[in-house]
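As a plain string of letters, each chain reads:
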Amino acid sequence: MLRITLQPQWRIGPEDGPALDANTLLGLLAAVRASGSISQAGREQGLSYRHAWGLLQQAEQLFGQPLLLRGRGRGSVLTELGEKLIWADARIGARLQPLLESLASELEGELGRVQRRQRAVPRLHASHGFAVAALREQLAARQVPVELRYRNSLEAVAALAQGDCELAGFHVPQGEFEAAAVQRYLAWLKRDQHLLVQLAVRTQGLFVARGNPLGLRGLHDLTRPGLRFVNRPEGSGTRVLTDLLLQREGIAPRAVAGYDNTELTHAAVAAYVASGMADVGIGVQTAAHRFGLDFIPLLKERYFFAVPADALDRVELRPVLTVLRSPAFRARVAALKGYEAADTGKVMSMDEAFQA
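Residues numbered from 1 in each chain as written. Predicted model: local features only at pLDDT ≥ 70, side-chain atom pairs only at ≥ 80, totals over all residues. Heavy atoms only, no water.

Caption draft 1: How the structure looks around the overall build of the chain. Check the secondary structure of the chain and you find 13 helices and 13 strands. At 23 Å, the chain has a C-alpha radius of gyration in line with the 21 Å of a compact globule built from 356 residues. When the backbone C-alpha atoms are referred to their principal axes, the chain occupies close to 70 × 55 × 40 Å. With 356 residues in all, the chain has 52% of them scored as buried. Residue pairs at least 24 apart in sequence account for 74% of intrachain contacts in the chain once pairs closer than 6 positions are excluded. Accessible surface computed for the chain: about 17,000 Å², of which carbon and sulfur atoms make up 49%. Computed over 42 positive and 36 negative side-chain charges, the separation of the two mean positions in the chain equals 4 Å. (Helix = DSSP H or I, 4+ residues; strand = E, 2+ residues; numbered from the N terminus. Rg over C-alpha atoms; globule rule 2.2 N^0.38 Å. Buried < 20%, exposed > 50% of the residue type's maximum accessible area, 1.4 Å probe, protein only. Contact = heavy atoms within 4.5 Å. Areas by Shrake-Rupley, 256 points an atom, 1.4 Å probe, with all protein chains shown as cover. Lys, Arg positive; Asp, Glu negative; His and termini not counted. Charge placed at Lys NZ, Arg CZ, Asp CG, Glu CD.)

Okay, structure coming up:
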């Protein structure tokens, strides 16, 4: 089984001159921010002190201003420009990583077919999320092949209905919005044709800057003058949830500054807020935690994989379902901030999942 990894690469330089390897620079800057020491950061990045110092000087000459402030006995701290570079890299990673992972998975599948791999490989279409990423890691560790494509929830269930995948990820809020959210998926999910496997219960809420300097308390604050919101794309489960929440509060989308400004993933929304480009966004608690943001809970939702009704009898799906239902994977999901895994791996009919 081949594993392909794709990563974005920065190169910065003048139009008519050599380019700087920005990936190495960004790693060094992140390490300096964490340790306050150029020499320690260089060791962590596998660079000699001379190399690290030379790279910083080259970058500062290129930008025409310092990236670090150095003080005897006080260590080194990043300047505003240095911080901007770090956050730009975080946003790029959060925005591009799902696309690159999907492309890598497609390449793995194509190469497997060229190599005339004998067993069929299950196709998983799902929105990018932390439990889905954890599943991919667990499957790879056990050498269980799967072709993963990151798509929004509506696209995923449509692909399942059309026979383009065997597992489709989607999420549904618990409580008052459940029926309305489920109704959007019933054009593709059929009670007699599909089963559901629960992945997790997770908490959705508002992302705000650390310390909540603007004093935001809830959805009603989204109409505050000057407040900048960042949304999720149309068709995503979180966009469905956002629209339902705004409708409940009697808030018109046009009244929210930034409603049409979208990012592809929870992590990308969190990075956008953490970098100061927006004041508030909606997403899962794990993303807020990982980007050092404060989090205002709104509600919980269940994340499912829809599968064909005969999934338990399909040889190619058994290894995936075995991992999904394993204690090790359940523990991995439970360790995610804002996730609950009591029913992770539980297989149920749609009637059992969504009782009237």
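Let us keep going from here.
Caption draft 2: Spotlight on the environment of Gly-235. Secondary-structure assignment places Gly-235 in the loop between β9 (229-230) and α8 (237-249). Put simply, Gly-235 and Thr-286 are 51 residues apart on the chain and 21 Å apart in space, counted from C-alpha to C-alpha. In contact with Gly-235, other than residues within four places in its own chain, are Asn-152, Ser-153 and Leu-154.

Caption draft 3: Focus on the packing of aromatic side chains. In total, this model carries 7 aromatic pairs according to the counting rule given. Relative to Tyr-185, the ring of Phe-170 has its centre 4.8 Å away and its plane inclined at 55 degrees; by these criteria the two rings are tilted. With a gap of 15 residues between them, Phe-170 in strand β7 (residues 167-173) and Tyr-185 in helix α7 (residues 178-185) connect regions that are remote in the sequence. Residues Phe-304 and Phe-354 carry aromatic rings whose centres are separated by 5.6 Å and whose planes lie at 75 degrees to one another, so their mutual orientation is edge-to-face. Residue Phe-304 is located in strand β11 (residues 294-308), and its partner Phe-354 is located in the segment after α13 (350-353); the two are separated by 50 residues in the primary sequence. (Phe/Tyr/Trp six-rings, centres within 6.5 Å; stacked < 30°, edge-to-face > 60°.)

Caption draft 4: Structural context of the layout of surface pockets. Reported here for the largest pocket is a volume of approximately 410 Å³. Around the largest pocket, the lining comprises 18 residues; the ones closest to its centre are Gln-97, His-128, Phe-130, Ala-267 and Arg-290. Partitioning the lining of the largest pocket into residue classes produces 8 nonpolar, 4 polar and 6 charged. (1 Å grid on protein atoms, 1.4 Å probe; cavity = no way out; pocket = protein on both sides within 12 Å on 5 of 7 lines; lining within 4 Å. Points joined across faces, edges and corners; volume = space filled by probe spheres on them. Nonpolar A, V, L, I, M, F, W, Y, C, P; charged D, E, K, R; others polar.)

Caption draft 5: Just the pattern of salt bridges, in detail. Overall, the coordinates contain 16 salt bridges when judged by the stated rule. Two residues, Asp-221 and Arg-224, come together in a salt bridge whose shortest N-O distance is 3.3 Å. Here Arg-224 falls in the partly exposed class, since its relative accessible area comes to 30%. Put simply, Glu-176, Arg-248 and Glu-249 are held in one network by salt bridges that share partners. (Salt bridge = Lys/Arg side-chain N within 4 Å of Asp/Glu carboxyl O.)

Caption draft 6: Quick peek at the nonpolar core. Leu-199, Phe-207, Phe-305 and Leu-324 are the most contacted members of the largest nonpolar core, which has 49 residues in total. The biggest single contributor to this core is helix α9 (residues 266-274), with 8 residues. Not counting the four nearest positions on each side in its chain, Phe-305 is found in contact with Leu-124, Ala-126, Val-132, Leu-135, Leu-167, Ala-168, Gly-169, Leu-195, Leu-196, Val-197, Leu-199 and Leu-324. Core analysis: the next-biggest nonpolar cluster, separate from the first, contains 40 residues, Leu-189, Leu-216, Ile-282 and Ile-296 among them. (Core = buried A, V, L, I, M, F, W, Y, C linked by side-chain atoms within 4.5 Å.)

Caption draft 7: Geometry of the pairing of strand β6 (residues 147-150). As paired elements, strand β5 (residues 123-126) and β6 share 4 bridges and run parallel to each other. Counterpart to Arg-123 in the pairing with β6 is Glu-147. Crossover connection from β5 via helix α5 (residues 130-141) to parallel β6: handedness right-handed. (Pairing = 2+ DSSP bridges. Right-handed = clockwise from strand over helix to strand, strands pointing away.)

Caption draft 8: Highlighting α8. Along its 13 residues, α8 runs 19 Å from first to last C-alpha, staying within 8% of the 18 Å computed at 1.5 Å per residue. For α8, the full list of buried residues reads Gly-237, Thr-238, Arg-239, Val-240, Leu-241, Thr-242, Leu-244, Leu-245 and Leu-246. (Expected span 1.5 Å × (residues − 1).)

Caption draft 9: Quick look at the confidence of the model for the chain. Model confidence for the chain is summarised by a mean pLDDT of 90, while 96% of its residues fall at 70 or above. For the chain, the element scoring lowest by mean pLDDT is helix α4 (residues 80-114), at 79; β9 scores highest, at 98. (pLDDT = per-residue confidence, 0-100.)

Caption draft 10: Structural view of the packing of helix α1 (residues 22-35) against helix α3 (residues 49-63). Where α1 contacts α3, the axes come no closer than 10 Å and their chain directions differ by 110 degrees. Relative to α3, the element α1 is oriented roughly perpendicular. Packed against α1, whose contacting residues are Thr-24, Leu-25, Leu-28 and Leu-29, the element α3 presents Ala-52, Leu-55, Leu-56 and Ala-59 at the interface. (Axes fitted to C-alpha atoms, helices over the stretch in contact; angles between N-to-C directions. Parallel < 35°, antiparallel > 145°, perpendicular 65-115°, else oblique.)

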